[in-house]
Every structure is written in structure tokens, then in C-alpha cells.
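An overview of the molecular structure
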Amino acid sequence: MTKVLITGGCGFIGRHVAQELLDHGYEVRLYDALIDQVHGGTQVALPEGAEVVRGDMRDADRLRPALRGCDGVIHLAAEVGVGQSMYEIARYVGANDLGTAILLEAMLDHPVGRIVVASSMSVYGEGYYARPDGSLVETVRRRPADIKAGLWNPTDLAGEPLAPIATDERKRVDLASIYALTKYAQEREVLIFGEAYDVPAVALRLFNVFGAGQALSNPYTGVLANFASRLASGQRPTIFEDGEQRRDFVHVRDVARAFRLAYEKPEAAGELFNIGSGQAYTISGVARLLAGAMNLPHLGPEILHKSRSGDIRNCFADISKARALLGFEPGHRLEDSLTEFVDWVRGEAVIDRGAEMRRELEAKGLVS
Ligand SMILES: NC(=O)c1ccc[n+]([C@@H]2O[C@H](COP(=O)([O-])OP(=O)(O)OC[C@H]3O[C@@H](n4cnc5c(N)ncnc54)[C@H](O)[C@@H]3O)[C@@H](O)[C@H]2O)c1
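Reference entry: report on the structure contained in this document. Here the structure is a predicted model, which means the values were calculated and not measured.

1. Details of the side chain of N208
Among the secondary structure elements, N208 is positioned in strand β10 (residues 208-210). Relative accessible area serves as the criterion here: at 16%, N208 is assigned to the buried category.

Put into C-alpha cells, the structure is as follows:
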């Protein structure tokens, strides 16, 4: 039977990937440091049949034996907060980049048949835009002075408005946060290693993943989980800028399937893929949808009209490549999945730490 080591396997996506692989006849070993910010000392319900090794990615002496007997690796372990990465720089670079380096060195002594790494849409920076005449603008960066002045939407050099359009994998990378930098490093480290040592390697650039099991008390990540924590505590979700920024929300079970397909499909080797829903949602629209699903429509979003350093305005996925090469098709639309998500939230102990996160970012001068 094929055995896969899933790093970060006790996390939100890791547990779903583990379940997906177990359901398809694999054995899984989860390697995870169970960091406090994600797990908060609580007991994590893991899929039945999963083996667990507790350890940090940077601890080679723990990681090397964990690789023994594994045929492949799905590498998910990472620190995941964009805002937090802007001041806990050593923590992010250490866990994500050095952690990946330690894993790859360990794989020199314990060769595996395939590795799939979780990268992120954050490597793109802003997504693609189109000019009024329909021509493509590949790289857009908002000027800090414009953002400060509340001019949230990118324009071309003549000040003409640009329309966001779906982004595919050909877009040039534009790193706007330390988190994005570490995700790009993880992706490149794995693909370079795969090519050099002839290990089939695949990188999945995940868009905004949502679903049951996302850490509700980690305010640094997970838009939907953050909004749910606010609403469940009787608070309005807070939103930076004007709430009209657009993102792509993809269900965690679809993401788990994408990892299995990336692990299995021979034609995926050496490639990177966008994994999203292919749909764009405004952030304020998502807050309203969720408030409705939680029967709290009076708790509409509080629009801060402030910006957070490292945030981008719009990015949503063109998933044609994943469709063509992986046979990936998203099966769960956000609108149809909220009841299940809300049922799960109702059974959880929620601690809303959103205000704490905002105070921390403000104290560091990262909100303006
Ligand atoms: N959730 C999303 O929307 C999203 C989007 C893009 C990319 N990703 C990527 O997907 C992966 C999984 O994300 P998630 O949402 O499940 O996050 P998560 O925080 O729920 O899971 C990450 C897991 O990694 C573990 N971990 C962190 N640092 C570690 C270290 N140094 N050593 C060992 N284990 C460590 C944590 O304990 C946690 O269990 C990450 O690589 C993340 O960057 C997630």
C-alpha cells in the first residue's frame, strides 16, 4: 500500500488531505508541530487510521525517521498569516523556507517517488487586469500614496480604471509580503529539487480555502473563519479598505481532491497549478452571505476604510490548467456550502481575537 507523509497534516487542509487519501486506499503519516496559534492546546480530531508524529520541520532528527517507509510527501506545514509575517519575519522564513530545506535534505537520504507542495495565490500579488479596450495588464502595483488616499482600485498610468480578470499560472510572480516570499521559496525549492534529483514534483497555488475545521481562533488567516468568529461572538465582521476587493473561495474538500490528483497524475510532474473555484466574490458580499447563513443579517460588515500592508486588491483563479491536466473540477460552491460550515461553527468553542490582531498590526505601523 502507498504511504504518504503529510507535513502540517494536523492542520485544516492536512486533515482533509489525509481523509481523502485514506478514502482512496493510501496509508498516511502526519508530521506536525501542532503549533499553539493554530491548535491552541486543544485536542485535534484526526482521521481514523492516520499515524501521527509530532515534530517541527526544522528538527531534522525527528523528521528523518518520519520519512522512513513513506513513498511520497505532501508538504503543507507552514506558518500562514500574511499580516503577521510582516513583523515575525524570522519565524516565517524559518518555519517555511528553512523547514522545506530540511525536508529536502532529508529526502536525499530517504528518496521518495513524488512530492506535492502547497504554494499560494499570494505569490501573484495583484491578479491580472484588463484595460477598457480589453488588453491585458499583467503586473499592477498600487502606489502606497494612492492606498493612503483611499484610492483602492488600481488604475493604469493615465489614471484609467482597470477591470480585474481571472489569473492563470503564466502571470509573473510579484511578491508583496514576507508570507508570499516564503511560499514562493517553498514552491521553487521543491520544483528545483524535483528537477535536479528526478523526483516528480508538483506545486499547487491555493486560493482562499474554506470549510469545516479551519482554526477559528487564529485571526491571522482564513477570511471565512475570522468572520464566523466575529459573528458567533455577536460582533460585526471587520473589513479592510471598502470591502469590494475580490477573492476566490475554494472548498477544502475540493482542495484535498486536487492534492490527490496532483499526487497521482503522471502529467502533473514538474508543473504548478492554480487551485481555486474560478469564481470571484467581494469580501463584503461574503461577510453578508455568512451573516445570513448564521441568521444574523443585522450584523453587517464594519468597513474600516483602512489598508493593511501586504494586502492585494483582487485575485481570482483561472483553473483551466488544473482542469486540463489534473481533471480537477470544483464540486462545492461557496453559496451552497455555508449551511454545512455554519453547522460546524455552532459546535465549536469560538474565541474572537480579531481586535487583538488589528491592535498588533496597528502598533507595528502596518495599518494606514
Ligand atoms: N488555508 C488557505 O486558504 C491557504 C491558502 C493558500 C495556501 N495555503 C497553504 O496550505 C498549507 C496548509 O494551510 P492550512 O490552512 O491547513 O493551515 P493550518 O495552520 O491549519 O495548518 C498548518 C499546519 O502546519 C503546522 N506547522 C506550522 N509550522 C510548523 C513547523 N515549523 N513544523 C511542523 N509543523 C508546522 C501547524 O501546526 C498546522 O497544523 C500551508 O502551506 C499554507 O501556506 C493555505
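Next comes the rest of the account.
2. Description of the sheet that holds strand β14 (residues 272-275)
The parallel open sheet is built from 7 strands, whose spatial order is β3-β2-β1-β4-β5-β9-β14. On the outer flanks of this sheet lie β3 (51-54) and β14, each paired with one strand and no other. Taken pair by pair, the neighbouring strands of this sheet meet at an average axis angle of 20 degrees, ignoring direction. When strand β5 (residues 114-120) meets strand β9 (residues 201-206), the two strands line up parallel, connected through 6 bridges. The residue bridging V116 from the neighbouring strand is V202, located in β9. Against the sheet, helix α1 (residues 12-23) engages β1 (3-7), β2 (27-32), β4 (72-75) and β9, with an angle of about 170 degrees to β1.

3. Topic: the nonpolar core
Residues I6, I13, I74, L204, F259, I275 and L326 are the most contacted members of the largest nonpolar core, which totals 43 residues. Elements represented by at least two residues in this core include exactly β1, α1, β2, β5, β9, α9 (252-264), β14 and α11 (320-326). Looking at this core, the element that brings in the most residues is α9, giving 8 residues. Excluding its chain neighbours within four sequence positions, the residues that come into contact with L326 are L204, A258, L261, A262, K265, A268, F273, I275 and K321. Counting 25 residues, the second-largest nonpolar core is a separate cluster that includes L5, V73, A106 and V190.

4. Overview of the packing of helix α5 (residues 89-109) against helix α7 (residues 178-197)
Packing of α5 against α7 leaves a shortest axis separation of 9 Å and a crossing angle of 10 degrees. Classed by the angle they form, the pair α5 and α7 counts as roughly parallel. Residues I89, Y92, V93, N96, D97, T100, A101, L104, M107 and L108 of α5 form the contact with α7, whose own contacting residues are I178, Y179, T182, A185, Q186, E189, V190, F193 and Y197. Counted by class, the contact of α5 with α7 contains 13 nonpolar, 4 polar and 2 charged residues.

5. Digging into the site of the ligand
Near the ligand there are 30 residues, and of these D32, H39, L76, Y179 and K183 occur at the shortest range. In the model, an oxygen atom of the ligand is placed 2.9 Å from a nitrogen or oxygen of the I13 main chain. At a separation of 3.0 Å, an oxygen atom of the ligand approaches a polar backbone atom of I35. Protein burial of the ligand: of its 830 Å² of free accessible surface, 95% is covered by the chains. Among the elements of the structure, α1, α2 (36-39), β5, α7 and β10 are those that each provide at least two residues to the shell around the ligand.

What counts, and where the lines are drawn
Residues numbered from 1 in each chain as written. Predicted model: local features only at pLDDT ≥ 70, side-chain atom pairs only at ≥ 80, totals over all residues. Heavy atoms only, no water. Helix = DSSP H or I, 4+ residues; strand = E, 2+ residues; numbered from the N terminus. Buried < 20%, exposed > 50% of the residue type's maximum accessible area, 1.4 Å probe, protein only. Pairing = 2+ DSSP bridges. Axes fitted to C-alpha atoms, helices over the stretch in contact; angles between N-to-C directions. Contact = heavy atoms within 4.5 Å. Core = buried A, V, L, I, M, F, W, Y, C linked by side-chain atoms within 4.5 Å. Parallel < 35°, antiparallel > 145°, perpendicular 65-115°, else oblique. Nonpolar A, V, L, I, M, F, W, Y, C, P; charged D, E, K, R; others polar. Near = heavy atom within 4 Å. Polar contact = N/O pair within 3.5 Å; in protein donor to acceptor, adjacent residues only side chain to side chain. Areas by Shrake-Rupley, 256 points an atom, 1.4 Å probe, with all protein chains shown as cover.

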